[in-house]
Amino acid sequence: MKAENSFAFQPTCFFIVLLAIWMALAGCTSPENSGAPRLRWYVFDEPSGTFAEAAKHCSSASDGTYQIQLVPLPADADQQREQLVRRLAASDSDIDIIGMDVIWTAEFAQAGWILPWTADKAETAKPGRLQPSILSATYQGKLWAAPFTANAQLLWYRKDRIEHPPRTWNEMIRMAETLGEEGIVLAQGERYEGLTVFFTSLLASAGGSVLDDTGQHVALAQRPTRQALAIMQRLADSPASGPALSTAREDQARLRFEAGKAVFMINYPFVWPSANQNAPEVAVHMGWARWPGVTEDRPSRVAIGGINLGIGAYSRHPELAFRAATCLAGQAHQRMAAIHAGLPPTIEALYDDPEVRAKLPFADLLRATLKDAVQRPPTPLYNDISLAISRTLHPMKAIVPDRDIKRLRAAVRRALRSEGLL
């Protein structure tokens, strides 16, 4: 009888034990598994781990209100955009926070793929930011993203080969040509976004723009457009351009400079930590200067780059996503991104931070460059316009300025009407 009763109660006891274990485990469950909404942050796969650390910090600071999960995107901006556009066009609710290239703002806003930062939300995203960074996140008078990281090209040069950096493109090309085989100027000449950035920066430095102030009509005034095209043609025709200009991107330029095969390079600040790590014998001779001007009397103005944080229009938790993005784009995480990943901040005061300056010894120059930076055409049709520019001006060696002003205007005009791009 005892044996029978003992056997009969075993299932009940077993259930009680399991329940006790489950309750104990529940008490130790991490916030990620506790039912807190999970916010997915789609952003390029930043290799230093800084973005992952920022997501972890903000999740912890929310006291279990939300958890941020990184969804890595490809390093190539065109591939990033392609993946995001496909998802957003399908009203994908999986996208909560988007690490947006600055050139996507108008397109994503016009398509209804991101939510505006209205009133008090906008006020949490603007204070202390560089004005061009705020403009890069603005469309039709509304803020559509939180400025997170900035970027701009500088001129990098070999201090052991020249006495002083050039002030203009023509001066730089002349200096390079006098150095023979060592006198190579590295720039971006492949048919892609980098070529559009190159032309846009030259055009702005000459006092011109691609579109007028409304963003709906072609500008491309004769004098500045011709000056920009003449410089591109001169560089491509010069022995200083090297043999690979028509296929050159930022990373190819970095590698050639690190190999000691150039005296000048137009590129972003990522080349500095890279050279220090991969080619210290070159880095010790690296100098930096403002992007060369088109004329002596006008300072250069370059196209701004960087990442802004937008909120997906189909997010299941938009209010939490705004809170999380505000945290991610805050000063602590911009500082972290600058120190550990070399990503320039959008908060101006951080350029005076000692640790940031140690990581970016050219901080003053970079800040001045960013404060004068220009926007690439802020239009929902930017992708079409960029394709029109790069296709018209590639290869640079084939540019004929007087002829190609007309061709360029026609190509951009067709792009504004979404015609003739395929």
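Note that the coordinates shown come from a computational prediction; the quantities given were computed from them, not determined experimentally.

(A) Structural detail: the sheet that holds strand β7 (residues 154-158). The strand order across the open sheet formed by four strands is β8-β9-β7-β10, and the pairing between neighbours is mixed. Edge positions in the sheet fall to β8 (185-186) and β10 (286-289), since each has one partner strand and no second. Pairing of β7 with β10 involves four bridges; the strand directions are antiparallel. In the strand pairing of β10, Trp156 is matched with Trp288.

(B) Representation of the sheet that holds strand β3 (residues 97-101) in the model. If you trace the five strands from one edge of the open sheet to the other, you get β2-β1-β3-β11-β6, paired in mixed fashion. The strands lining the two open edges of the sheet, one partner per strand, are β2 (67-73) and β6 (146-151). Strand after strand, the sheet turns through a mean of 20° between neighbouring axes, direction not considered. By the bridge criterion, seven bridges tie strand β1 (residues 38-44) to β2 in an arrangement that is parallel. Paired with Arg40 across the strands is Gln69, a residue of β2. The strands that helix α13 (residues 318-328) touches are β1, β2, β3, β6 and β11 (305-311); relative to β11, the one it contacts most, it runs at about 150°.

(C) Fine view of the environment of Gln331. Position of Gln331 relative to the elements: it lies in helix α14 (residues 331-341). Among the residues examined, Gln331 registers a relative accessible area of 47% and is labelled partly exposed. Expressed as a C-alpha distance, the spacing of Gln331 and Lys142, which sit 189 residues apart in the sequence, is 22 Å. Setting aside residues up to four positions removed in sequence, Gln331 forms contacts with Ile347 and Leu350.

(D) Just the packing of helix α9 (residues 222-237) against helix α18 (residues 401-416), in detail. Running from N to C, α9 and α18 point in directions that differ by 115°, and their axes come no closer than 9 Å. Between α9 and α18 lies a crossing whose hand is right-handed. Here α9 contributes Gln222, Thr225, Arg226, Leu229, Ala230 and Gln233 to the contact with α18, which in turn contributes Pro401, Asp402, Asp404, Ile405, Leu408 and Arg409. Of the residues in the contact of α9 with α18, the class split is five nonpolar, three polar and four charged.

(E) Spotlight on unusual backbone geometry. With an omega of -5°, the peptide bond running from His394 to Pro395 counts as cis. Inspection of the secondary structure assignment puts Pro395 in the loop between α17 (382-392) and α18. One non-glycine residue with positive phi stands out, namely Ser91, at about 55°. On the secondary structure map, Ser91 appears in the loop between α3 (77-89) and β3.

(F) The state of the cysteines, seen in detail. Following the criterion strictly, the structure yields one disulfide and no others. Here Cys58 engages in a disulfide with Cys327; their sulfurs sit 2.1 Å apart. Because the torsion about its S-S bond is -95°, the bridge between Cys58 and Cys327 counts as left-handed. Of this pair, Cys58 sits in helix α2 (residues 50-61) while Cys327 sits in helix α13, and the two are 269 residues apart along the sequence. Given a relative accessible area of 0%, Cys58 falls into the buried group. A residue is classified by how much of its surface remains accessible, and Cys327, at 22% relative accessible area, is partly exposed.

(G) Spatial organisation of the confidence of the model for the protein chain. Looking at the protein chain, the pLDDT average stands at 92 and 91% of residues meet or exceed 70. Across residues 1-33 the pLDDT falls below 50, and counting only partners more than four positions away or on other chains, this stretch makes four contacts in the model.

(H) Here's a closer look at the side chain of Thr369. Mapped onto the secondary structure, Thr369 falls in helix α16 (residues 363-371). For Thr369, a relative accessible area of 3% corresponds to the buried category. Contacts of Thr369, omitting those with residues within four sequence positions, involve Ala152, Gln153, Leu154, Arg290 and Val302.

Cut-off values and rules
- Residues numbered from 1 in each chain as written.
- Predicted model: local features only at pLDDT ≥ 70, side-chain atom pairs only at ≥ 80, totals over all residues.
- Heavy atoms only, no water.
- Pairing = 2+ DSSP bridges.
- Helix = DSSP H or I, 4+ residues; strand = E, 2+ residues; numbered from the N terminus.
- Axes fitted to C-alpha atoms, helices over the stretch in contact; angles between N-to-C directions.
- Contact = heavy atoms within 4.5 Å.
- Buried < 20%, exposed > 50% of the residue type's maximum accessible area, 1.4 Å probe, protein only.
- Left-handed = near helix turned anticlockwise from the far one by under 90°.
- Nonpolar A, V, L, I, M, F, W, Y, C, P; charged D, E, K, R; others polar.
- Disulfide = S-S within 2.5 Å.
- pLDDT = per-residue confidence, 0-100.

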